[in-house]
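Residues per chain are reported as follows:
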Amino acid sequence: MEQFRSNRDYTIIFIKAGLLFLLSTLLFGLLGALEYVIPGFLKDVFTFEKIRPLHVSSAIFWILTCAIGGVLFYVREEHNGIFKLPNFPKIIFFILAITFSSILVSYIFGIFGGREYWEFDPIFTIPISIGWGLFIYAFITNMKTLKNQPVYIWMWFTGAVFFLFTYLESNSWILPQIRNNLVKDMTIQWKSYGSLVGAWNQLIYGTSIYLMDKIAGDKKYSFSKIAFALYFLGVFNLMFNWGHHVYLLPTHAYVKHIGYLVSMTELVLFGRIIYLWRSSLSTAKRNFHIVPFKFLFAADVWVFLTLALAILMSIPVLNLYMHGTHIIVGHTMGATIGINTMLLLAFAYDIIGFRKNDSKKIYYGYWTINLSLIIFWISLIVAGVMKAYYQFNMPEMSYGVMINQLWPWFLLFLTSGICMIIGFVLVIFPLFKNKN
Ligand code: HEM
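If you're wondering where the values come from, they're calculated on a predicted model, not measured in any experiment. (Residues numbered from 1 in each chain as written. Predicted model: local features only at pLDDT ≥ 70, side-chain atom pairs only at ≥ 80, totals over all residues.)

1. Points about unusual backbone geometry
Of all residues except glycine, most have a negative phi; of all peptide bonds, most are trans. Residues other than glycine seldom take positive phi values, yet Asn80 does so here, at roughly 50 degrees. The topology assignment puts Asn80 in the loop between helix H3 (48-78) and helix H4 (88-108). Here Lys144, not a glycine, exhibits a phi torsion of approximately 65 degrees, which is positive. Relative to the assigned elements, Lys144 resides in the loop between helix H5 (125-143) and helix H6 (151-170). (Helix = DSSP H or I, 4+ residues; strand = E, 2+ residues; numbered from the N terminus.)

See below:
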């Protein structure tokens, strides 16, 4: 028994815990969507004010837990199975898993106290920062230098360090000097959120480059000039592309102008995807039978769709219309499901593996998720466009009447959401069945 215990691989446990947070995301997402369609559903047990943070925080915890597990696993793989500070994955796991689970329990008991997306009591910031600090320390101890390293090591390093920095920044509202100045408070909050997502994307995109190299069997891409050029563009965006989050705030105009210009540099990425689509397609044909590759490919398609929507959202006049509508929800969920979740599932399948007799389930699950996600995404965008139209052109329309007009799209959102959950269940359970 003791022998079994000491052999536990906490990098894999990280990923499995992440999958449990994903299941919790799906459960609370379903309850939230039911509230859209049947207002007041479960009102006495779970109000929407509770369901939303339970859903959104579970999604963030799924992303963070699985991303850390993936980075730690591949850092060890990169060093031929040797990980300096071998107890660290276990320590980091316990700190973060206990904190994240306690946050969800605290929501159930109605204990809140933070800001949108991080709605928990700020006391939880302490263990999160300690756990994350240990993750950075373990990473640096294993990597030692950035000199002559492939691009994914740079990305992991940038993601890990920037995440802690921007996470602490997002908590600066705790200081009265910030809290008592609404514009400053909101500017910092939205700026840090933009960068936080950029930081976890560095961790996840770095891991996907590692995995693509592993599938290709060489490291040509991760040492190439173009990989580094795109990395620097990503870091630049991480630091400055949040301007479109604050267009509506009465803050300095130059902040918005810089933000707009930087957002538009993402057109380079967009153009590159279009330019390379033929060769991406032939690579896809060659490798589509490899399960992790399937998920990498789906993420590629979702990067394209999400980037297209994000670029439209960065245009100030459109941003004004889209603000506060379901287009924003569609954009956020399109990115966190289509890009982040697809990539994380690719890592999970590479690291944990699956049994041959589950192949069909995974195949059907994969297609069910992606096809229903398209409908899910479109239904939110259409509902958002209609809401924007009513708000600007028929300001006299009552909220109740407007919601009635949107109801068919909410029903489509719920139905496609249920199909997507079925797809996820088909894809998640084979990972728990495998012994790894
Ligand atoms: C991997 C799966 C999922 C992830 C990562 C995810 C992520 C998110 C995120 C980040 C938000 C916040 C959006 C924003 O404020 O802009 C959100 C909101 C929401 N999600 Fe999901 N989601 C997932 C699946 C689902 C599913 C399957 C459903 C429904 C069946 C759903 C229903 C909702 C609802 C109702 C909201 C609240 C929107 C509002 O505030 O009006 N989600 N989700």
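2. Here's the deal with the site of the ligand
Close to the ligand lie 22 residues; Gly29, Gly32, Ala59, Thr332 and Gly417 are nearest. Looking at the shell around the ligand, the elements that each hand over two or more residues are helix H2 (10-37), H3, helix H14 (326-352) and helix H16 (399-433). Residue contributions to the shell around the ligand peak at eight residues, all from H2. Here the residues of the shell around the ligand are counted per class, giving 13 nonpolar, eight polar and one charged. When residues of the shell around the ligand are sorted by domain, at least three fall in each of domain 1 (1-144) and domain 3 (276-436). (Near = placed C-beta within 6 Å. Nonpolar A, V, L, I, M, F, W, Y, C, P; charged D, E, K, R; others polar. Domains from an automatic or database assignment.)

3. Overview of the domain arrangement of the protein chain
Domains assigned within the protein chain are domain 1 (1-144), domain 2 (149-262) and domain 3 (276-436). Here the C-alpha centroids of domain 1 and domain 2 sit 20 Å apart. Across the boundary between the two partners, domain 1 contributes 18 residues, which contact 19 residues of domain 2. The set of elements that each furnish at least two residues to the side of domain 1 that touches domain 2 consists of H3 and H5. A total of eight residues in the side of domain 1 that touches domain 2 trace back to one element, the largest contributor, which is H5. Of the residues contributing to the side of domain 1 that touches domain 2, the split by class is 13 nonpolar, four polar and one charged. (Contact = placed C-beta atoms within 7 Å.)

4. Topic: the environment of Ile108
Here Ile108 is to be found in helix H4. Given 11 C-beta atoms within a 10 Å radius, Ile108 is considered exposed. In sequence terms Ile108 and Ala388 are 280 residues apart; their C-alpha atoms lie 33 Å from each other. (Buried ≥ 20, exposed ≤ 12 C-beta atoms within 10 Å, placed from the backbone.)

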